[in-house]
Amino acid sequence: MQKKMAYSFPDEVLEHVFSFIQSDKDRNAVSMVCKSWYEIERWCRRKIFIGNCYAVSPRIMIRRFPEIRSVELKGKPHFADFNLVPEGWGGYILPWIVEMAGAYPWLEEIRLKRMVVTDESLELIAKSFKNFKVLVLSFCEGFSTDGLAAIAASCKNLKELDLRESEVDDLSGHWLSHFPETYTSLVSLNISCLGSDEVSFSALERLVGRCPNLRTLQLNRAVPLDKIATILRRAPQLVEFGTGTYAAELRPDVFSNLAGAFSSCKELRSLSGFWDVVPAYLPAIYSVCSRISSLNLSYATIQSHDLIKLVCHCPSLQRLLVLDYIEDSGLEALASSCKDLQELRVFPSDPFGAEPNVSLTEQGLVAVSLGCPKLQSVLYFCHQMTNSALVNIAQNRPNLTRFRLCIIAPRKPDYVTLEPLDVGFGAIVQHCKDLRRLSLSGLLTDRVFEYIGTYAKKLEMLSVAFAGDSDLGLHHVLSGCESLRKLEIRDCSFGDKALLANAAKLETMRSLWMSSCSVSFGACKLLGQKMPRLNVEVIDERGPPDSRPESCPVEKLYIYRSVAGPRFDMPPFVWTMDDEDSALRLS
Amino acid sequence: MQGGVVIRVGSGGGSESGSMSTVSREDNMVVSSEDSSYPDESELELGLGLSLGGGFKIQQVSRGGQYARILTAKDFPSVVSADASSSPSPSSSSSSSSSSLSRANVTAGTKRSADSVAAANGSSQVVGWPPIRAYRMNSMVNQAKAVATEGFKSTMENHKNETSMLEKRTIGSYQNSGNSKLRKSLFVKVNMDGIPIGRKVDLNAHESYEKLAKTLEDMFLKNTTSVNPVGSRVREHEVARPSKLLDGSSDFVLTYEDKEGDWMLVGDVPWEMFVSSVKRLRIMRTSEATGLAPRLQERNQRQRSKPI
């Protein structure tokens, strides 16, 4: 006797219910309930996020989800940002675009991070997707303004073009003129990464003037200060604005024009840019400061007193990016003025100097942790730290979710007690129970990893450099951190044992990066052979790993889970350890 | 896999000469694995089968600090006592003490991998540390150039002085290493005719045209599907040979695009001048280097006329 399902809703009803479920995690959970829910869900999924472009192939994605409208992909490992991944490693978007051009003619959104995007890919996007709306390229490379011109010319419904810190080959500033005069749908434009010759100002001005829905505009550095007023007056509805260079000869008429233009922007909530700042021009923004929630001054080389004056005008500030010129005194002022602060990033002005050049120490961070009850996310570069400061921070701010501390000199101990910083970071993971991301620095032994393994149960991403003593450290992390998805390690003496003993763990994570560690080629081979659902990639610029003894450590190792099998677009210095006897990639 | 893997350095022709990180790791291994009371093998299951089944037993080492201890400044009492006398307040004096402590760590801990890399390389560079994105580094460097070239002036004298001092210091830091161990990289793209995948090379890691050309030859001209049956490194034998890319004897020449957008033959100007004006490199077929041909012929003539 067949048992009928109690809830035999028509598919359309279930589909309608599912349409309210947006998050990937929830969607994935829904799809696992039963076969019919899996089927219904896959037909109505519109957005997909793929954290590692090599974890799945375009064909597999298309086969399962035939009606996707929005794709987000990430390519290179995070350490590529710091030149640890050699050029040519991979992360090419073209194969994806080719497949999607055929399968998703109604694709609207593409968001990419750390991928190689060519002009050919951009031209294919422009040609293939008639309703294309959103293109976000974060930290991408490989394309030029020619590709942008193709997008501008063809994508009539484009709403968002965001080139966040991508590397663009400058060929001509006239690509902006390829937006037809009839084009008026721009909502968001971020071209802050473009060089001097890459934007024609008059074309930009006309574009801004005819797009009434423009909310976000981030200019590139070449746009001079005296042009800002012109732009703002054409777009007083802007919510997010990034200046170009914020420097000019001091002239009262320019200043008052600028101040007037800013004051007419009643919706402005976020400011960035501020290259080459002349402090005397900063008061021009005071009229909008009370409503500003996000401020990026991380390129502004101005002194503490100017920074303090500015942040004290911004009581609604939620997010601040700034150089360490703000100093401890500035951070104390921040702590007393900005009670809504959620995110703080302090970058170093002098990262390669032998001595600290500014008075920014652990005290500044302690002050902010004490004064800002909503602080959740911290990125802090400094020259010194103590365990007691870290313990203070942890006790003050148990609601921290992201804590990235970079003590600039590697392996630096607590400068007061000369102890390792194990106890300090241990307090962080113990008190901050919702910590999702952690970056370590300073002098650290295996003990800190024991704390992390014991307490950091929600930790998803961990970055480690110049730390630990032995495999036990790595073992603590792999065996203890239940939520771990991404682990990246450099210059630590972790070897084969912990890795092999926790091989199964690696299948539950997105990826593991280890460079300048002590993992042997033999261990990599073993892992590759035993774990078919992992791609074990050895990156070694010294030549084929089998030209050296098996016990020889590999330079770099990148392990990630994949249902797509080993990739075939690797450059000559990357080898996949797969389940064949020979570990040599056949080229 | 036995623990405490000990790899001997410099064991004749078969060993790796190219990677200095191997040197450091081995030293590190010797210090940390063999000298410590690291938990013995039984504490960690090695078999994959057991770990896959999830039923492995791992015992925590009893906390008594009995595991490997890394060298800290405490191991060097003379340095410590000298600095411990300064007051630990968040002022420049304490930060100078801490940085000299870190220097002590850095010099004393010669087994540390990063320092060994630096020492062995003969350069003072740790790649990718501190972790600052290349975009940010380039922006900070370019700020100086913008300031310098535009002849920027401000009528507020004290602001001008302060700002330009700040900028100089910031830019100075991002541009050069001073005597710090952490030197900024200067990566430029390199493309070779006929090869779709470009590479990047760090100019600041090379001190001369010869070294740069050697690296590029290794990257592009070396046959990576090594047909060498013994598996020994061919590189050692090539060390003594002069660079093919520079002397015009290869089918390719090394060219670069400068800040003005002109393509020039590499090697004509002093190295420092080259580094400050180069935007990107291209390994060009000699047949295509027509605009640069006169220089090429000159070079060939110069080579031929050199006494052997």
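This one's a predicted model, so the numbers in the text were calculated from it and none came from an experiment.

Enquirer: Give me the overall build of chain A: which residues, what numbers.
Expert: When helices and strands are counted, chain A shows 21 helices and 23 strands. Computed over the C-alpha atoms, the radius of gyration of chain A is 26 Å, within 12% of the 25 Å expected from 2.2 N^0.38 for a compact globule of 587 residues. Its C-alpha atoms put chain A at 75 × 65 × 60 Å along the principal axes. A total of 587 residues make up chain A; the buried ones form 64% of that total. Within chain A, counting contacts between residues at least 6 apart in sequence, those at least 24 apart form 71% of the total. For chain A, the exposed area adds up to about 20600 Å²; of that, 52% sits on carbon and sulfur atoms. If you average the places of the 66 positive and of the 70 negative side-chain charges in chain A, the two averages end up 7 Å apart.

Enquirer: I'd like a rundown of the sheet that holds strand β2 (residues 195-202) of chain B, residues and numbers included.
Expert: Residue and element names in this part refer to chain B. With mixed pairing, the 5 strands of this open sheet are ordered in space as β2-β1-β5-β3-β4. Of all strands in the sheet, those with a lone pairing partner are β2 and β4 (263-265), marking the two edges. When strand polarity is set aside, the average angle formed by the axes of neighbouring strands in this sheet is 30°. When strand β3 (residues 252-258) meets β4, the two strands line up antiparallel, connected through 3 bridges. If you follow Glu-257 over to β4, its bridge partner there is Trp-263.

Enquirer: With reference to specific residues and values, describe the UniProt feature "domain: F-box" (unreviewed entry) in chain A.
Expert: Per the UniProt record, "domain: F-box" (unreviewed entry) is annotated on residues 9-50 of chain A. The span residues 9-50 of chain A carries 62% helix and 10% strand; its end-to-end C-alpha distance comes to 31 Å.

Enquirer: Which residues make up the packing of helix α14 (residues 362-371) of chain A against helix α15 (residues 387-396) of chain A, and what are the values?
Expert: Residue and element names in this part refer to chain A. Contact geometry of α14 with α15 gives a least axis separation of 9 Å together with a crossing angle of 15°. Classified by the angle between their axes, α14 and α15 sit roughly parallel to one another. Judged by the sense of rotation from one axis to the other, the crossing of α14 with α15 is left-handed. The segment α14 lies against α15, with Glu-362, Leu-365, Val-366, Ser-369 and Leu-370 engaging Ala-389, Asn-392, Ile-393 and Asn-396. A per-class count over the contact of α14 with α15 returns 5 nonpolar, 3 polar and 1 charged.

Enquirer: Would you mind going over the confidence of the model for chain A in detail, with residue names and values included?
Expert: Mean pLDDT for chain A: 94, with 97% of residues reaching 70 or above. In this model residues 581-587 of chain A is a low-confidence stretch, pLDDT under 50, and it forms 15 contacts with partners more than four residues away in sequence or in other chains.

Enquirer: Any details on the packing of aromatic side chains? Residues and values, ideally.
Expert: Given two aromatic rings, their pairing is described by the distance between the two centres and the angle made by the two planes. Across all of its chains, the model carries 24 aromatic pairs over all chains by this definition. Seen in terms of ring centroids, Tyr209(B) and Trp271(B) are 5.1 Å apart; in terms of plane orientation they differ by 85°. Their pairing is edge-to-face. A residue pair is termed long-range when its members are at least 10 positions apart, and Tyr209(B) in helix α8 (residues 209-221) and Trp271(B) in helix α11 (residues 271-277) qualify at 62 residues. Residue class for Tyr209(B) comes out buried when judged on its relative accessible area of 11%. Judged by relative accessible area, which is 11%, Trp271(B) ranks as buried. One aromatic cluster in this structure is built from Tyr54(A), Phe79(A), Phe82(A), Trp89(A), Trp513(A), Tyr558(A) and Tyr560(A). Sitting above the plane of the Tyr54(A) ring, Arg567(A) keeps its charged end 4.4 Å from the centroid. Positioned above the aromatic ring of Trp89(A) is the side chain of Arg567(A), whose terminal nitrogen or guanidinium carbon lies 4.4 Å from the ring centre.

Enquirer: Could you give an account of helix α7 (residues 145-154) of chain A, with specific residues and numbers?
Expert: Residues and elements named next belong to chain A. Counting buried residues along α7, 7 of its 10 residues qualify, which places the element largely inside the surrounding structure. Looking only at α7, the buried set comprises Thr-145, Gly-147, Leu-148, Ala-149, Ala-150, Ile-151 and Ala-152. Where α7 starts, the residue carrying a side-chain oxygen 3.1 Å from the main-chain nitrogen of Asp-146 turns out to be Ser-144.

Enquirer: Talk me through the nonpolar core; I want residue IDs and the actual numbers.
Expert: One finds Phe241(A), Tyr246(A), Phe262(A), Leu320(A), Phe403(A), Ile452(A) and Leu499(A) to be the most contacted residues of the largest nonpolar core, which totals 210 residues. In this structure Phe241(A) touches Leu217(A), Gln218(A), Leu219(A), Ile228(A), Ile231(A), Leu232(A), Phe262(A), Leu268(A), Ser270(A), Leu271(A) and Ser272(A), once residues within four positions along its chain are discounted. Residues Met192(B), Leu212(B), Phe252(B) and Phe274(B) belong to the second largest nonpolar core, which totals 22 residues.

Enquirer: How would you sum up the side chain of Ser515(A)? Please name residues and give values.
Expert: Assignment of secondary structure puts Ser515(A) in strand β20 (residues 511-515). Ignoring any residue separated from it by four or fewer positions in sequence, one finds Ser515(A) in contact with Leu84(A), Ile489(A), Arg490(A), Asp491(A), Glu555(A) and Lys556(A).

Quick notes on the rules
- Residues numbered from 1 in each chain as written.
- Chains lettered and ligands numbered in written order.
- Predicted model: local features only at pLDDT ≥ 70, side-chain atom pairs only at ≥ 80, totals over all residues.
- Heavy atoms only, no water.
- Helix = DSSP H or I, 4+ residues; strand = E, 2+ residues; numbered from the N terminus.
- Rg over C-alpha atoms; globule rule 2.2 N^0.38 Å.
- Buried < 20%, exposed > 50% of the residue type's maximum accessible area, 1.4 Å probe, protein only.
- Contact = heavy atoms within 4.5 Å.
- Areas by Shrake-Rupley, 256 points an atom, 1.4 Å probe, with all protein chains shown as cover.
- Lys, Arg positive; Asp, Glu negative; His and termini not counted.
- Charge placed at Lys NZ, Arg CZ, Asp CG, Glu CD.
- Pairing = 2+ DSSP bridges.
- Axes fitted to C-alpha atoms, helices over the stretch in contact; angles between N-to-C directions.
- UniProt positions renumbered as here; feature names shortened; annotations may be inferred.
- Parallel < 35°, antiparallel > 145°, perpendicular 65-115°, else oblique.
- Left-handed = near helix turned anticlockwise from the far one by under 90°.
- Nonpolar A, V, L, I, M, F, W, Y, C, P; charged D, E, K, R; others polar.
- pLDDT = per-residue confidence, 0-100.
- Phe/Tyr/Trp six-rings, centres within 6.5 Å; stacked < 30°, edge-to-face > 60°.
- Lys NZ or Arg CZ within 6 Å of the ring centre and 35° of its normal.
- Polar contact = N/O pair within 3.5 Å; in protein donor to acceptor, adjacent residues only side chain to side chain.
- Core = buried A, V, L, I, M, F, W, Y, C linked by side-chain atoms within 4.5 Å.

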